[in-house]
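Residue strings, one per chain:
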Amino acid sequence: MSSPVRKAIFPVGGLGTRFLPATKAMPKEMLPVVDKPLIQYAVEEAAAAGIEEFVFVTGRGKAAIEDHFDVSYELEKTLGERGRDDVLDAIRAIGLEPGQISYTRQMDPMGLGHAVWCARKHVGNEPVAVLLADDLIMSKAPCLGQLIDVHKETGGNVVAVEEVPAEHTDRYGVLDIDSDDGTRASVRGLVEKPDPAEAPSRLAIIGRYVLMPEVFEHLAKFETGAGGEIQLTDAMAKMIGHIPFHGLRFEGRRFDCGDKIGFFEANLAFALERDELRDDIAGVLKQYVDR
Ligand code: UTP
């Protein structure tokens, strides 16, 4: 029986080059979908999945994230004086207590695997969740909670997967599958960003993971992989055969908000889910479609 998953790592140290110039002075993870930054969706998902400790791996220019999860006394005072309880609730809603969030710095963005390794001292010897905020997931049950449920049953590593078009395998870590019941796939190999012709499947890992702490031992070797970066996929691949390893086709819809089209679509989908916005947005869309 594995220990409960109590901690989550949020790697937010990337450069966000695909969103320049927006991300020149603002972290990519602070880009809003409708009216909430990407990183807040990820933190809320983790909290809903039972996570108690939140570890951010940040870098230069990411201070806005720390401020976002802090109390803003001046803003609260001003809004209180103006009787704006509606928006006060919105800025207090996250509800994390002092000490539940910690920050560590990556210093040099050497890749996702390196970012995760930077959190090793905060995690210690227990399983840990990793959430990439630029993968935004709309689902009934939190995606991370779905992974944790599988982890409780199987132990070992569990990653969220999605079937991607064959021509997109070179954007993801891709599973080589042992057995597959249509929901869960047992993993026998992993390849980071394979060319479509060499991809072992079309099941791609998206930004939600439950990982056993042994991953840190592999990351500590600092081996570089695709793109000259220290890849999380390569460290995970070394764990196959030693521990159970499953990919879960989660229930829900993922939006790749690291990409302009995915980000735009997420704004549309999340806005259309909101009762107070749906009709107006639909009206605006219709105007453009009818042109
Ligand atoms: P991406 O591959 O999307 O890279 O990283 P990026 O730098 O954020 O964005 P682009 O591609 O230049 O536009 C996936 C996740 O890994 C984190 C990013 O913050 C993002 O959440 N990451 C990546 C790090 O924390 N450190 C790194 O060195 C690389």
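Refer to the structure printed above.
*Asks:* I'd like a rundown of the overall build of the chain, residues and numbers included.
*Replies:* The helix and strand tally for the chain stands at 11 helices and 13 strands. For the chain, the C-alpha atoms occupy an extent of roughly 60 × 50 × 35 Å along the three principal directions. For the chain, with 291 residues in total, the buried portion stands at 46%. If you take every contact in the chain between residues at least 6 apart in sequence, the share linking residues at least 24 apart comes to 75%. Accessible surface computed for the chain: about 14,800 Å², of which carbon and sulfur atoms make up 51%.

*Asks:* For the site of the ligand, give the residues involved together with the corresponding values.
*Replies:* Close to the ligand lie 17 residues; Thr17, Arg18, Lys28, Gln106 and Gly111 are nearest. Between the ligand and Thr17, the relevant distance is 2.5 Å, taken from an oxygen atom to a side-chain nitrogen or oxygen of the residue. At a separation of 3.0 Å, an oxygen atom of the ligand approaches a polar side-chain atom of Glu29. Here the ligand loses 83% of its free accessible area of 570 Å² to cover by the protein chains. Grouping the amino acids of the shell around the ligand by side-chain chemistry returns seven nonpolar, six polar and four charged.

*Asks:* Got a sec to walk through the packing of aromatic side chains? Specific residues and values, please.
*Replies:* Aromatic ring pairs are defined here through the distance separating the ring centres and the angle between the ring planes. Tallied over the full model, the rule gives eight aromatic pairs. Here the aromatic rings of Tyr41 and Phe270 are separated by 5.2 Å at their centres, their planes lie at 70°, and the arrangement is edge-to-face. Of this pair, Tyr41 sits in helix H1 (residues 38–48) while Phe270 sits in helix H10 (residues 260–272); the two residues are 229 residues apart in sequence, bridging distant segments of the chain. For the residue pair Tyr41 and Phe270, the accessibility class agrees, reading buried in each case.

*Asks:* Pulling in residues and values, what's your account of unusual backbone geometry?
*Replies:* A cis geometry characterises the amide bond from Leu20 onward to Pro21, with omega recorded as 5°. If you trace the backbone, Pro21 turns up in the loop between strand E1 (7–11) and strand E2 (32–33).

Reading guide: rules and limits
Along each chain, residues carry numbers from 1 onward, in the same order as the chain's sequence is written. Local features are withheld for residues below a pLDDT of 70 in this predicted model, meaning they are given only at 70 or higher, and side-chain atom pairs are given and counted only at 80 or more; totals for whole chains, interfaces and linings count all residues. Neither water nor hydrogens contribute to the side-chain values; these are computed over all heavy atoms in the structure. Going along the chain from the N terminus, every DSSP run of H or I of four or more residues is numbered as a helix, and every run of E of two or more is numbered as a strand. The buried label goes to any residue with under 20% of its type's maximum accessible area, the exposed label to any with over 50%, and the partly exposed label to all in between, with areas taken from a 1.4 Å probe on protein chains only. Should any heavy atoms of two residues lie within 4.5 Å, those residues are considered in contact. Note that accessible areas follow from Shrake-Rupley with a 1.4 Å probe, and for residues the cover is restricted to the protein chains shown. We define proximity as follows: a residue is near a molecule or strand when any one of its heavy atoms falls within 4 Å of that partner. Polar contacts, as used here, are pairs of N or O atoms within 3.5 Å; protein pairs need one atom able to donate a hydrogen and one able to accept it. Residues neighboring in sequence count only if both atoms are side-chain atoms. Charged means Asp, Glu, Lys or Arg here, nonpolar means Ala, Val, Leu, Ile, Met, Phe, Trp, Tyr, Cys or Pro, and polar covers whatever is left, Gly included. Two aromatic rings from Phe, Tyr or Trp, using only the six-membered ring of Trp, form a pair when their centres are within 6.5 Å; if the ring planes differ by under 30 degrees the pair is stacked, by over 60 it is edge-to-face, and anything between is tilted.

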